[in-house]
Each structure stands twice: as C-alpha cells, then as structure tokens.
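An overview of the molecular structure
Residue strings, one per chain:
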Amino acid sequence: EGNTRLDYLYALSDQRELLLEWYDFDPEEEILQIGADYGAMTGLYRNAVRSVTVLDQEEKALKTVQLRYPDAGNITCVKASLAEFREKMAGEGRKYKYVIIAGTPKGAWEEQIPQARELLKENGMLIVAAANALGMKYWAGSRREEYEISKKRLIELLCGGSAGEGCLRFYYPMPDYRTPITIYSDEYLPKKGDLTRVTPAYDYPPYHMMNMGEGFDAVCEDGLFDLYANSYLVFWSWDLEQLERNEKIFIKYNKTRREAYQIRTCNCQKRKPDPASGDERSKAAVQPNERYVEKAALCLEGMGHIWSFQEKYQRLSKLHKNIKMVEPDCQKDRNAVLFPYLKGATWAEQAGQEISRGKLPLEALKAAMERLDDQDKSSQSRFVRTGEFMEIFGEGIEEADLTVLEKDTASPAS
C-alpha cells in the first residue's frame, strides 16, 4: 500500500508465478533462468526442478535473488552476459533441459533467442514470454515496453528463419504475461464477449484511446486474436514429443479468493498416451484429442474444497429430478478433480442470440426457471438468516429484503 509503483508489484507479487505454475516441469531436470527479474519467478522454478541457475549481468539483481531465497541450496547465481555464459558452457559441454526468458531480456531478441537455443539439450525446451508489439493495450495508450516483439518476428527468430526448424506452441496470457489471469492457446482461443468484462490490468492507461472490449470482440470474431493479444508465452523445442506431453490448452486462475478457495481451472486436450508412463485416468479417461476439465487447488488449504466436489455432486443429484449433474473424478494424488468437457450452447448464449435479434427471450428464461425449480418440495424448509449467509450475501441487503427472504423457502443445497 505504501509503494504503488508497478515495478514493485511486478517484482514481489506471487501472481507473477501464474505464468508457468500450471506447467509440469520434470522434477529431475535443471532450469537456466536468463534474467534475474528480482527473483519474481525463481521461487516457482526452485520448487519445480532439481536445480536452477539464475543468469544476469547485474550484481544487484542477483543479490536480490539471494536475499529472497537465502536457504535455497538448489539456486546458483551467475554474473555474466548470455554470450559469455554460452561460451563457458560450450567449453564444459553442459546444457539444460529448460531455458527460460520470462521477463525483460538483457539485450535484443535477435541476439538472445539464438544464443539461448544453443544452451538446450537435444530434447530441451526454450520458453519465452514477451510483450506483443501489436498488443491491443498499446493501441489503447498503454506505455510500450523496450523489447516488445510481434508474433511473426518471434516465429522467425525461434525457427531460425524457417518454419521447419524445430517445433513451437503459442499461448496468450491475459491481461499480460506479468500478471496473468487467463491463458489461451491456439487450440482454445477467446470468443466474442470473452474479453469485454472488467480486467484487473495494472498498466492499462486511466483513459483509453479506444474501447478495448470492442477491439478484442472485433479481432476475436475475425479470428485475429493471436496477432493482437497483449503478450505471448511460447514453447520451442527440437522434439515435438516434448510439446505434445502438455495437455493444457486453456488456464484460468481464481487467485484473489481466500486460500481455501483459490483454484486453477484448466481445459485439457488428451494426447496420445505414453506407453511407458502407465497414465490411466478412471472415470474421466478420454480418447486422444478429446477434452476434459481439471480443477486443482493452488495451495494445501484448498484440498478440502477440491475434495468436496464429490459430496456436492451427490447432494445435488438427489435433489434434482431433471437436471443431470456432471460427475467429478477426484485425483487425490494430484489435489485435483476432473470433469468431462461439455459442448453446446448455454442458456446465456441462447438468450444473448435472441436479444441480438431484437427478441425478448421470455420463453427461454421461463424454460430455464422451470427446469431449475424441479426439486422435491418436501426437501425444502423455511429460509433462516445464518451467519454464513450474511457473511457472503449480506453486504448491501436492506432489512426489508431480509424480512421478505425469511418468509420464503430454502433448499438444503443449490
């Protein structure tokens, strides 16, 4: 509260880690972090793999990392340029499984990316996060970054000027790669209306030079979102199999709730199983290319919330006669629950289509209300004003409204 500068937020906010918190690193491998970035991502890396090497040319930047993680025995700080470090590692014959540039690069992308690629193992992964030079927020007046880059230029540099040199996969963190809330991919892009809601973007200008919601709607409708996304997160490897192992195609975070309710929701697309992995999912097992949904707790305090989905499913299934609940598949070893991915138009989408055609969707709303009100009436009881109800819903409710509620009935679960 006392230091409202953006660079303090970017250095210290644990929201920075959401950029790659969802990614499954191999715990037996090593990461080369290019650019200390005040240690904003280092804590995530050191908990994900065997060891982390932090490379930076500034002594002060490396000192910050050491101050933040004083007892971390698996973090090594190296003061050198990327070119100097690459030459040294070439002499030692040492390479890394993961090389990551997820902050402001210490030089032009034209120099950083080719040098970073040379430090990869044969089956290694180069991970780059960068601001998009054509990002919608810049057209609206946000301050530009020094090393922004377009998608076309990123592809040219990563693939060495040839689309056949290596394999890559793009993700699109929103509102940007520093404070992501949702992360899209080419396999799951936003639709019209997905980006028009209020967005907690800390570097947007106080007065926009354009309506960003309308701008994103236009590019989403025309299939051009990937060119105007605010930033990129891209994975590059010589080995296509390394890219295919990751099944997550859309990630959404609820990080501002209490810790007991902080979760990550991922839409996933099943890849061809690795026979050596023995990966078999019980009720949620799906065929290759089919989708499923994973909800996982972000901390241990959230375990109870994730495991409660099974009880909620059972209670709601008993109450409703016509509505079919989606059955959860609890994965207690992963602190997650899996659901099948449902396809179709929601009532909200149907109502929206009718409204856009100038029609009042009374029949659709009536059908929705009738279907929701299908509970066994004998299970209902009179509404009681509890402490839990007031804590969650009480703010702003007038006493007269509460009096009306107390004359109504309530369901044991909803």
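The following paragraphs examine the structure supplied in this document.

What counts and how
Along each chain, residue indices are assigned from 1 in the same order as the chain's sequence is written. Note on the predicted model: pLDDT of at least 70 is required for a residue's local features to be given, and 80 or more for side-chain atom pairs to be given and counted; whole-chain, interface and lining totals, by contrast, use all residues. Just so you know, side-chain values use all the structure's heavy atoms and leave hydrogens and water out. Comment: elements are numbered from the N terminus, with helices defined as DSSP H or I runs of at least four residues and strands as E runs of at least two. Burial classification: accessible surface area is computed with a 1.4 Å probe over protein chains only, and a residue below 20% of its type maximum counts as buried, one above 50% as exposed, and the rest as partly exposed. Contacts are assigned to residue pairs that have any heavy atoms within 4.5 Å of one another. Using a 1.4 Å probe, accessible areas were evaluated by the Shrake-Rupley method; residue-level cover was limited to the displayed protein chains. Interaxial angle, 0 to 180 degrees, is taken between N-to-C directions of lines fitted to C-alpha atoms, where a helix line uses only the stretch in contact. Any angle that is under 35 degrees is reported as roughly parallel, and any over 145 degrees as roughly antiparallel; angles of 65 to 115 degrees are reported as roughly perpendicular and all others as oblique. Take the far helix as your reference; a near helix turned counterclockwise from it by less than a right angle gives a left-handed crossing, and one turned clockwise gives a right-handed crossing. For this scheme, ten residues count as nonpolar: Ala, Val, Leu, Ile, Met, Phe, Trp, Tyr, Cys and Pro. Four count as charged, namely Asp, Glu, Lys and Arg, and the remainder, Gly too, count as polar. For this text, the term disulfide refers to a pair of cysteine sulfurs within 2.5 Å. Two strands form a pair only when DSSP identifies at least two bridges running between them. Handedness is read with the strands pointing away from the viewer; a crossover is right-handed when the path from the first strand over the helix to the second is clockwise. The salt bridge criterion pairs a side-chain nitrogen of Lys or Arg with a carboxyl oxygen of Asp or Glu, the two atoms within 4 Å.

**Regarding the overall build of the chain**
- When you go through the chain residue by residue, the secondary structure sums to 15 helices and 15 strands.
- Taking all 414 residues of the chain together, the buried fraction comes to 45%.
- When contacts within the chain are restricted to residue pairs at least 6 apart in sequence, long-range pairs at least 24 apart make up 65% of them.
- Roughly 23000 Å² of accessible area belongs to the chain as shown, and the carbon and sulfur atoms make up 50% of that amount.

**Quick notes on the packing of helix H5 (residues 109–117) against helix H7 (residues 151–158)**
- The N-to-C vectors of H5 and H7 enclose an angle of 40 degrees; their axes lie 9 Å apart at closest approach. Our classification of the angle between H5 and H7 gives oblique. By crossing handedness, the relation of H5 to H7 is classed as right-handed. The residues of H7 that touch H5, namely those facing Trp109, Glu110, Ile113 and Arg117, are Arg153, Leu154, Leu157 and Leu158.
- Across the contact of H5 with H7, the residue classes break down as 5 nonpolar, no polar and 3 charged.

**Here we look at the environment of Ile100**
- By the secondary structure assignment, Ile100 is in strand S4 (residues 96–101).
- When the C-alpha atoms of Ile100 and Gly35 are compared, they prove to be 8.8 Å apart, with 65 residues separating the residues in sequence.

**Topic: the state of the cysteines**
- The full count for this structure, using the stated rule, is 0 disulfides.
- Unpaired in this structure, Cys167 has its nearest cysteine sulfur neighbour in Cys159, at a distance of 8.2 Å.
- The thiol of Cys299 is unpaired, and the distance to the nearest cysteine sulfur, on Cys266, comes to 15 Å.

**What to know about the environment of Ile31**
- Position of Ile31 among the secondary structure elements: in strand S1 (residues 30–34).
- Residue classification places Ile31 among the buried residues on the basis of a relative accessible area of 0%.
- Residues Ile31 and Tyr96, spaced 65 residues apart in sequence, show a C-alpha to C-alpha distance of 6.3 Å.
- Discounting residues that sit within four places of it in the chain, Ile31 has contacts with Phe25, Tyr45, Val49, Ser51, Val52, Thr53, Tyr96, Tyr98 and Ile100.

**So, the pairing of strand S5 (residues 120–131)**
- Counting buried residues along S5, 9 of its 12 residues qualify, which places the element largely inside the surrounding structure.
- Across 5 bridges, S4 lies against S5 in parallel orientation. Each residue of the ladder has a partner; that of Ile101, found in S5, is Val128.
- Traced from S4 through H5 to S5, the parallel crossover comes out right-handed.
- Judged from the 6 bridges that link them, S5 and strand S8 (residues 231–237) form a sheet pairing that is antiparallel. Each bridged residue has a counterpart across the sheet, and for Ala130 the counterpart in S8 is Tyr232.

**Let's talk about the pattern of salt bridges**
- Applying the stated criterion to the full structure yields 27 salt bridges.
- Between Asp37 and Arg16 there is a salt bridge, and its shortest N-O distance comes to 2.4 Å. Residue Asp37 is located in the loop between S1 and helix H2 (42–48), and its partner Arg16 is located in the loop between helix H1 (6–12) and S1; the two are separated by 21 residues in the primary sequence.
- Arg16 sits in the buried class, given a relative accessible area of 2%.
- Measuring nitrogen to oxygen at the nearest pair gives 3.4 Å for the salt bridge that ties Lys248 to Asp24.

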